[in-house]
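Spelled out, the chains give:
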Amino acid sequence: MPTLIKLAEGRFSAAEDVFADVADEDVLPDGPVILSLTRFQADGDALVSAGRPVGVRIQADEAVEDLAYDLPRLAVVALVFPKYRDGRAYSSAALLRQRLGYAGEVRAIGDVLREQAGFMVRCGIDAFAPADGSTPEGWAAAAGRYRHVYQRAVDARPPAFEERG
Amino acid sequence: MYRYDAIDRELVADRAAEFRGQVARRLAGELTEDQFKPLRLMNGLYLQLHAYMLRVAIPYGSLDSRQLRRLAHIARTWDQGYGHFTTRQNIQFNWIKLADTPDILDELARVDLHAIQTSGNCIRNVTADPYAGATAEEIDDPRVWSEVIRQWSTLHPEFSYLPRKFKFAVTAAAKDRTAARVHDIGLVLRRARDGSLGFEVIVGGGQGRTPYVGPTIREHLPVDSLLSYLQAILRVYNRHGRRDNIYKARIKILVAALGKDEFARQVEEEWSKIEASQADLPDTELARIRAAFTPLDFQTLPARSDAFEAARTASPALARFARNNVKPHKKAGYAIVEVSLKAPGATPGDASADQMDLVADLAERYSLDDVRVTHEQNLVLPHVKLDDLPTVHAALESAGLATPNINLISDIIACPGLDYCALANARAIPIAQAIARRFEDADRAELIGELKIKISGCINACGHHHVGNIGILGVDKKGEEFYQLSLGGSGQEDASLAQILGPGMSADKVPDAIEALVGAYLAVRQGEERFLDTVRRLGMAPFKEAVYADAH
Ligand code: HEM
Ligand code: SF4
């Protein structure tokens, strides 16, 4: 089973990924699944009603707002970074947390590299499927590289202007 | 100067430490060039034709003497003894070794300088009016707002992987010295009829292969809503800007595709959903930033300086310098002095380490420790007493820095072109040098008056050729360097894009063609009309005729 790095209460640790990442053409396996937005819109209701943990995969060009009414029932929203330099998912994450009030797991998948750790955490992403073999320790070091931040974001870090207080 | 506090310093120090680690991993072979490239580009380190180029940020073009001396030191120690001031008010060092860059960043950090966000698809160094804090024209100090944007955009978690690079210009004067209308976002501070301070927000201007003069999407944004509104613009762009084709990825393409009104509507809709208290700076922080700009110790002086008047009567050179390079200051008895980096035969924007040291000394002694870089690639001593002008002029002259040509025909912007740049089709610097030499006669240059020539070595338009009164673009014609001329551009408040004049020509023909354009202008100009005004009045025909007559 692939491993994830998860962030909880300020600590990064390795975690087993119990969700099966299901492509649209795959036969639906048992247990927790992550589906595309399209497949979720078709089959999600039934699965969730049956008590199954369900997550949704959001591509960079899909709007997280489309999930607004389903969010309370979702176990995971997995945001796809098709390339590390495609930054749309940062906005998606910020919107999920700040505007849509989603409190469940927001996971970064795709071209997910250690150098992006700080930005991801600040946008409210709390689970990472690194594409570069990063360890939780490496991830924590990268995310904690800066002693200060200038702007308010999704995380609880006080911006410089509050530190200056 | 905005004075860094411990927090600002630690952030820059952390960045330098981070890059040191990344360079070490690269040199040890733990990172491939492919993996390293995005990291070095986050720190302004480009690979050019012959060496690495390091671009150092000069926020809103503002330096003190200590910083300028450090730049001179870097030029001397790690480069070939000079640096290149750019149209983004930054400085570039062209001959850098990768292994030296961590030490250079440490040296920079010691004087509160860095290379953060001088490259990459993020919010780049914010440029502002180089006369900020000195000109009577301004209604507020644009540096305060530029610093607000600098802090907000530094390592912004949501906006560091935009579709493409993103450039701001901020001005508060009616006369635009920042080219605000050809930036991704141009902000022009204005007072409304009720006296309130606001920004005219211009979005989607730009140069490159598809130039646009940016439309205004909001006439009057209250200043305290700046950051929430910028967040809305950047979020719309981050989500909807094109990422499939880098040539169509700038915000200008999105604004043009949606249309100005629809783009503005999307921004306003997003803005209405942003919680202002989360996004805008508290008033206390705005006040702190304003107060962190060192208050300047101006003296009360008479408006007229007898010493200066006598010296200028005695010295035609000083008189000429005063006519062209000295601009009015808001305080009686002071002047703004432009230091030309466009001596005939020089590379536009280059300054040697010795020249930088000299300007730093002059700034310290005669300009309240303040130096500016202009987007037209000159330096400015913004607060010189009229009484000191003769001394300052003599010192500049001794270092080849007193060329009296600001805004004249030899005050040329040129990109690095084929001499340095891997993307170039043609050289730009030698063309600038040839034109400057051709028009070396200062009397004649003054007679011609304001005429802005801008040269780019390829369609990326780093040399601003689209907004040149005369634009010159290097193209590749079957392996030969060719130059295409265009007329009628302006990057100022009356911004317009230059129109192509006719077929391209080889390098040796360019000075003659400029000569012909100038001749045609002088023959028909009316009164005080600038070259640009004449082109606007008469159109291309007389100029085309003058340049291509031989070809008939
Ligand atoms: C030598 C290395 C350089 C490279 C490889 C380079 C590359 C580019 C590219 C690809 C563009 C087009 C961007 C676009 O349209 O999206 C561009 C635009 C621009 N560059 Fe450069 N450039 C270089 C040096 C410079 C220098 C030295 C300056 C300043 C003197 C400069 C200032 C600009 C400006 C003002 C623009 C146009 C405005 C804009 O659309 O952003 N560049 N550059
Ligand atoms: S305009 Fe072209 S040649 Fe000139 S610096 Fe830019 S990319 Fe290089």
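About the cut-offs
Residues numbered from 1 in each chain as written. Chains lettered and ligands numbered in written order. Predicted model: local features only at pLDDT ≥ 70, side-chain atom pairs only at ≥ 80, totals over all residues. Heavy atoms only, no water. Axes fitted to C-alpha atoms, helices over the stretch in contact; angles between N-to-C directions. Helix = DSSP H or I, 4+ residues; strand = E, 2+ residues; numbered from the N terminus. Parallel < 35°, antiparallel > 145°, perpendicular 65-115°, else oblique. Contact = heavy atoms within 4.5 Å. Nonpolar A, V, L, I, M, F, W, Y, C, P; charged D, E, K, R; others polar. Near = heavy atom within 4 Å. Buried area = accessible area lost by both parts, 1.4 Å probe. Salt bridge = Lys/Arg side-chain N within 4 Å of Asp/Glu carboxyl O. Expected span 1.5 Å × (residues − 1). Buried < 20%, exposed > 50% of the residue type's maximum accessible area, 1.4 Å probe, protein only. Domains from an automatic or database assignment. Polar contact = N/O pair within 3.5 Å; in protein donor to acceptor, adjacent residues only side chain to side chain.

Residues and elements named next belong to chain B. In contact at an axis separation of 9 Å, helix α1 (residues 6-27) and helix α4 (residues 101-110) are set at 175° when each is read in the N-to-C sense. The pairing of α1 with α4 is recorded here as roughly antiparallel in orientation. Judged by residue contacts, V12, A16, F19, R20 and V23 of α1 engage T101, P102, D103, L105, D106 and A109 from α4. Its residues assigned to classes, the contact of α1 with α4 shows 7 nonpolar, 1 polar and 3 charged.

Further remarks concern the site of ligand 2. B:C415, B:P416, B:G417, B:C421, B:L423, B:A424, B:S456, B:G457, B:C458, B:N460, B:A461 and B:C462 make up every residue found near ligand 2. Its residues assigned to classes, the shell around ligand 2 comprises 8 nonpolar, 4 polar and no charged.

This next bit is on the interface of chain B and chain A. Facing 41 residues of chain B, the contacting portion of chain A comprises 32 residues. For the pairing of chain B and chain A, the buried interface totals around 3,400 Å² over both sides, and the portion due to carbon and sulfur atoms is 53%. It is B:P157, B:Y161 and B:R239 in chain B that bury the most area against chain A; as a group they hold 24% of the surface buried on that side. Our count for the chain B to chain A interface comes out at 10 salt bridges. Between B:D5 and A:R164 there is a salt bridge, with its nearest N and O atoms 2.7 Å apart.

Attention now goes to helix α3 (residues 65-78) of chain B. Between the first and last C-alpha of α3(B) there are 20 Å, a value that for 14 residues agrees with the 20 Å anticipated at 1.5 Å per step. Residues B:S65, B:Q67, B:L68, B:L71, B:A72, B:I74, B:A75 and B:W78 constitute the buried set of α3(B).

Okay, the domain arrangement of chain B next. Accessible area lost on assembly of the parts is the figure often given for the size of an interface. Residue and element names in this part refer to chain B. Each domain of chain B was delimited in the assignment, giving domain 1 (6-110), domain 2 (134-292), domain 3 (306-398) and domain 4 (413-551). Placing a centre on the C-alpha atoms of domain 2 and another on those of domain 4 gives a separation of 31 Å. Listed per partner, the contact involves 13 residues of domain 2 and 13 residues of domain 4. With both chains or domains summed, domain 2 and domain 4 bury close to 1,100 Å², and 57% of this area falls on carbon and sulfur atoms. Linking domain 2 with domain 4 are 0 salt bridges. The tally of links between domain 2 and domain 4 comes to 3 residue pairs in polar contact (both at pLDDT 80 or more). Grouping the amino acids of the side of domain 2 that touches domain 4 by side-chain chemistry returns 7 nonpolar, 2 polar and 4 charged.

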